[in-house]
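# Structural overview
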2 protein chains.
Amino acid sequence: MTPFTPASITDSLHRLPLFSGIPPHELAPLLPGVREFKVRAHEMLFQKGDSLRGIHVLVSGQAKLFMTTAQGTEKLLTMVKPGQAFGEAVVFLDRPCPVSAEATQDSTFLIVAKDVLLTMMDRNPVFARQMLASISMRLHELMSDMETCTLMNSLQRVVSYLSQQVPESEGPACEIRLDTSKQMLASRLNLAPETFSRALHHLAEGGVIEVSGRTIRVLDTQRLKTFQA
Amino acid sequence: MTPFTPASITDSLHRLPLFSGIPPHELAPLLPGVREFKVRAHEMLFQKGDSLRGIHVLVSGQAKLFMTTAQGTEKLLTMVKPGQAFGEAVVFLDRPCPVSAEATQDSTFLIVAKDVLLTMMDRNPVFARQMLASISMRLHELMSDMETCTLMNSLQRVVSYLSQQVPESEGPACEIRLDTSKQMLASRLNLAPETFSRALHHLAEGGVIEVSGRTIRVLDTQRLKTFQA
DNA sequence: GGACTTTCTTGATTTCGGTCAAGGTTTTCA
DNA sequence: TGAAAACCTTGACCGAAATCAAGAAAGTCC
């Protein structure tokens, strides 16, 4: 277990994209507002409607952000990976949180309180820009999700997702390891699990991928992107 | 026609939510980076894929932000009203713009160049926060749209939209004036125009609204929100 | 290692909303 | 003012994806 010391926290912070542009010694003013939490898999971090005291940063483990319907079904928005922050937009608007968050693995995360963030932003323009870039990025991702969800059919959505997961500048083939269950991925793509399953089956039949559990082997990246019917 | 002078532009800027927190005399450093444009209805402001030199602020008129499918159909994202800024996230990320923008009425808008914005943010923490709040707001709106588009059926989407348009703290009844054509609204709600029309008809039959052209009279706000089938 | 649960797949059926088509209404503009 | 265009509504039909149902596969835990 990592010791819970100012030095270790400064170190954790410095490894995170959001703070990596800041020299470690300038991170000191943040420390009074940083708290470290450890949660077990399936524990809730916060719920829709909560107000957040600060931004959350996942240090290790995995979490999911999702919305819930009146009927209790979940719609996955995104998986959070180590190094990523979430809740920025909520904190800066002082509004109830529009989503819920839950750890999907045993996880460690930091909460950086709103007040120290604001002071840091005031003192350090580089950090302010970083913060802005981070939220802008989130906005772009959401736009992109909106695009897939509204303009594409089920097969195209799956193709689009897989294509995004393909690493850059590789040969025609590659292997993708899904980071969640297929039903959660289906939810993320706004599909019924059955539909997602059929889409994968269809792609496999067409000879562009091979599915084996959570591992998907893309045989031809180009053909995948242009796969029709 | 408004004269195109530093004084008039400072004045325009100061009226905008994004800059209203800044004393007018502090706006001076922005001026070299501000340009005013006038466009006629149906002129494009920019297209998906363009890179933007600065944020756009609509001074007067009306514009729309939308996405286009490969087949050329449009999906309306949002209507821009006077005082609103757009393109912030694009500017701060230095990425190609994910959406297209077009004036829907004769309009005047300002482009505030990226470099002067960044300098202003560095000098003026209040402005930096304002900028962050503005983008955060956009993110929240998009989340809310995502929620309606993915978790609700057609009727619920229309009900949700109308409910949002109802002014706060009023009696049970009120009148809503649609700010665009019904087909555009349909697109915004991710519905075929026919489906939108049928939804309104259905609500009118149920006695919760009365439709007359672009004016919709809500007879009972509460019943509207809980209207089923 | 075997029972239990959870996850995934496959087929049959249904349904919501899209598409097509046609008629009516409103707006635009000469 | 009147013709043309754009917009809206309504009905009939169709289809993509959800739901329902049941069985197979994989993961979990004594």
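The preceding data block contains the structure.
I will try to describe carefully the structure that is included in this document. (Residues numbered from 1 in each chain as written. Chains lettered and ligands numbered in written order. Predicted model: local features only at pLDDT ≥ 70, side-chain atom pairs only at ≥ 80, totals over all residues. Heavy atoms only, no water.)

## Some details on the protein's contact with DNA strand D
Taken together, 15 residues lie near DNA strand D, and A:Asn153, A:Ser154, A:Thr195, B:Lys182 and B:Arg198 sit nearest. Expressed as a percentage, the sugar and phosphate content of the atoms of DNA strand D within 4 Å of the protein is 68%. Residue B:Lys182 places a main-chain N or O atom 2.8 Å away from a phosphate oxygen belonging to DNA strand D. A distance of 3.2 Å is found between a phosphate oxygen of DNA strand D and a side-chain nitrogen or oxygen belonging to B:Ser197. (Near = heavy atom within 4 Å. Polar contact = N/O pair within 3.5 Å; in protein donor to acceptor, adjacent residues only side chain to side chain.)

## A few points about the relation of the copies chain A and chain B
Rotating chain A by 179° about the axis while translating it 0.0 Å along that axis superimposes it on chain B, leaving an RMSD of 0.0 Å. The superposition operator between the copies reduces to a two-fold rotation axis. The share of interface residues of chain A whose copies in chain B are also at the interface is 100%, consistent with both copies meeting through the same surface. (Least-squares fit on C-alpha atoms with pLDDT ≥ 70 in both. Contact = heavy atoms within 4.5 Å.)

## Some points on the sheet that holds strand S8 (residues 107-113) of chain A
Residues and elements named next belong to chain A. Taking strand neighbours across the sheet as the criterion, the four strands line up as S1-S8-S3-S6 in an open arrangement whose pairing is antiparallel. One side of each edge strand has no neighbouring strand; the edge strands of this open sheet are strand S1 (34-39) and strand S6 (85-86). Taken together, the two bridges between strand S3 (residues 54-60) and S6 define a ladder with antiparallel strand orientation. Paired with Val57 across the two strands is Ala85, which belongs to S6. The sheet contacts of helix H3 (residues 114-123) involve S3 and S8, and relative to S8 the element is tilted by about 65°. (Pairing = 2+ DSSP bridges. Helix = DSSP H or I, 4+ residues; strand = E, 2+ residues; numbered from the N terminus. Axes fitted to C-alpha atoms, helices over the stretch in contact; angles between N-to-C directions.)

## What to know about the layout of surface pockets
Its volume calculated, the second largest pocket comes out at about 1000 Å³. Lining the second largest pocket are 40 residues; nearest its centre among them are A:Thr78, A:Met79, A:Gln84, A:Arg138 and A:Glu141. Contributions of two or more residues to the lining of the second largest pocket are made by strand S5 (74-80), S6, helix H2 (88-93), helix H4 (125-151), helix H5 (154-165) and helix H6 (182-188) of chain A together with helix H4 (125-151) of chain B. Among the elements that line the lining of the second largest pocket, the one with the most residues is H4(A), at nine residues. Of the residues that constitute the lining of the second largest pocket, the class distribution is 22 nonpolar, 11 polar and seven charged. (1 Å grid on protein atoms, 1.4 Å probe; cavity = no way out; pocket = protein on both sides within 12 Å on 5 of 7 lines; lining within 4 Å. Points joined across faces, edges and corners; volume = space filled by probe spheres on them. Nonpolar A, V, L, I, M, F, W, Y, C, P; charged D, E, K, R; others polar.)

## Remarks on unusual backbone geometry
Outside of glycine, negative phi angles account for most residues, and trans bonds account for most peptide bonds. Residue and element names in this part refer to chain B. Within the chain, His42 stands out as a residue other than glycine whose phi angle is a positive 75°. With respect to the secondary-structure elements, His42 resides in the loop between strand S1 (34-39) and strand S2 (44-46). Here Asn190, not a glycine, exhibits a phi torsion of approximately 60°, which is positive. Structurally, the position occupied by Asn190 is in the loop between helix H6 (182-188) and helix H7 (193-205). Here Asn190 falls in the partly exposed class, since its relative accessible area comes to 26%. (Buried < 20%, exposed > 50% of the residue type's maximum accessible area, 1.4 Å probe, protein only.)

## With respect to the interface of chain A and chain B
On the chain B side, the residues contacting the 38 residues of chain A number 38 residues. Here chain A and chain B share an interface that buries about 3900 Å² over both sides, 76% of which is from carbon and sulfur atoms. On the chain A side of the interface with chain B, the three residues burying the most area are A:Leu132, A:His140 and A:Met146, jointly 18% of the side's total. Linking chain A with chain B are four salt bridges, by the criterion used here. Note that A:Lys48 is salt-bridged to B:Glu147, the shortest N-O span being 2.7 Å. Of all the secondary-structure elements, those providing two or more residues to the side of chain A that touches chain B are strand S4 (63-68), S5, H2, H3 and H4 of chain A. Looking at which element gives the most residues to the side of chain A that touches chain B, the answer is H4(A), with 20 residues. Looking at the side of chain A that touches chain B, its residues break down into 24 nonpolar, six polar and eight charged. (Buried area = accessible area lost by both parts, 1.4 Å probe. Salt bridge = Lys/Arg side-chain N within 4 Å of Asp/Glu carboxyl O.)

## A short note on the protein's contact with DNA strand C
Around DNA strand C, the surrounding shell holds 15 residues, and the nearest of these are A:Lys182, A:Arg198, B:Asn153, B:Ser154 and B:Thr195. Put simply, 70% of the atoms of DNA strand C that lie within 4 Å of the protein are in sugar or phosphate. Contact between DNA strand C and B:Ala192: a phosphate oxygen at 3.1 Å from a main-chain N or O atom of the residue. Counting only elements with at least two residues in the surface near DNA strand C, the list comes to H6 and helix H7 (193-205) of chain A together with H7 of chain B. By residue number, the principal contributor to the surface near DNA strand C is H7(A), which donates four residues.

## Concerning the nonpolar core
The biggest cluster of nonpolar side chains holds 102 residues, and the ones touching the most others in it are A:Leu13, A:Phe19, B:Leu13 and B:Phe19. Apart from residues no more than four positions distant in its own chain, B:Phe19 is found in contact with B:Leu13, B:His14, B:Leu27, B:Leu30, B:Val57, B:Val112, B:Leu117 and B:Phe127. (Core = buried A, V, L, I, M, F, W, Y, C linked by side-chain atoms within 4.5 Å.)

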